[in-house]
Amino acid sequence: MGKVILILLLLINISYLVSFLAFFGASLLNNLWLGTFIGSLILSLYYLMRTRKQKGYMPYLSIAVISFSMGSLGLYVFIYYLSNLLG
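First, a word on what this report is: a plain description of the structure on this page. (Residues numbered from 1 in each chain as written. Predicted model: local features only at pLDDT ≥ 70, side-chain atom pairs only at ≥ 80, totals over all residues. Heavy atoms only, no water.)

Some points on the overall build of the chain
Stated formally: Strands here are runs of E lasting at least two residues and helices are runs of H or I lasting at least four, both read from the DSSP assignment and numbered beginning at the N terminus. Think of it in three bands: residues with accessible area under 20% of the maximum for their type are buried, residues over 50% are exposed, and the middle band is partly exposed, with areas taken using a 1.4 Å probe on protein chains only. We call two residues in contact whenever any of their non-hydrogen atoms come within 4.5 Å of each other. Per-residue and other accessible areas follow the Shrake-Rupley method at a 1.4 Å probe size, with only the shown protein chains counted as cover for residues.
On a plain count of helices and strands, the chain comes out with three helices and zero strands. For the chain, the N- to C-terminal ordering of α and β elements is α-α-α. Principal axes of the C-alpha set define a box for the chain whose edges measure 50 × 20 × 15 Å. For the chain, the residues scored as buried account for 31% of the 87 residues in total. Within the chain, counting contacts between residues at least 6 apart in sequence, those at least 24 apart form 76% of the total. Counting every atom, the chain has about 6,000 Å² of accessible surface; 75% of that belongs to carbon and sulfur.

What follows is the structure, encoded as structure tokens:
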């Protein structure tokens, strides 16, 4: 169940980045994205810490979700900053 959730969160983060690159940030500032990025960071850190104790666990999926979530969150904050700075 954890892998399915992490894969869905990874797809959501990738879709945000792809839609930003395709549409150059048009209408991507809404609070749903912010909650999704923070939630995916929290869940992926939880799965990483919980399953770290299991023998033979490969943490690559959790690390990928953390990386894409941080990248998406950074892009969201940067665009939010620019939109408020420039009006």
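Description of the environment of lysine 53
With respect to the helices and strands, lysine 53 occurs in the loop between α2 (31-51) and α3 (60-86). Assessed through its relative accessible area of 73%, lysine 53 is described here as exposed. Linking lysine 53 and isoleucine 14, residues 39 residues apart in sequence, is a C-alpha distance of 28 Å.

Things to note about the packing of aromatic side chains
Remark: the centre distance and the inter-plane angle together describe each pair of aromatic rings, the angle taken between the planes. Rules: Planes of paired rings set the category: under 30 degrees apart is stacked, over 60 is edge-to-face and the rest tilted, where pairs are Phe, Tyr or Trp rings (Trp by its six-membered ring) whose centres lie within 6.5 Å.
All told, the structure shown has six aromatic pairs when counted by the stated rule. Pairing tyrosine 16 with tryptophan 33 gives two aromatic rings, centres 4.7 Å apart and planes at 55°, and the pair type is tilted. Placement of the pair is tyrosine 16 in helix α1 (residues 2-23) and tryptophan 33 in helix α2, with a sequence separation of 17 residues. Of the two residues examined, tyrosine 16 and tryptophan 33, each falls in the buried class. A centroid spacing of 5.6 Å and a plane angle of 55° characterise the contact between tyrosine 46 and tyrosine 47, whose relative ring orientation is tilted. Accessibility expressed as a relative area gives 45% for tyrosine 46, which makes it partly exposed. With a relative accessible area of 11%, tyrosine 47 lands in the buried category. In this structure an aromatic cluster arises from ring pairing among Tyr16, Trp33, Phe37, Tyr76 and Tyr80.

A few points about α2
The condition that has to hold: Expected helix span is given by 1.5 Å per residue-to-residue step, counting one fewer step than there are residues.
Between its terminal C-alpha atoms α2 stretches 30 Å, which fits the 30 Å expected from 21 residues at 1.5 Å a residue. Where α2 is buried, its residues contact α1 and α3.

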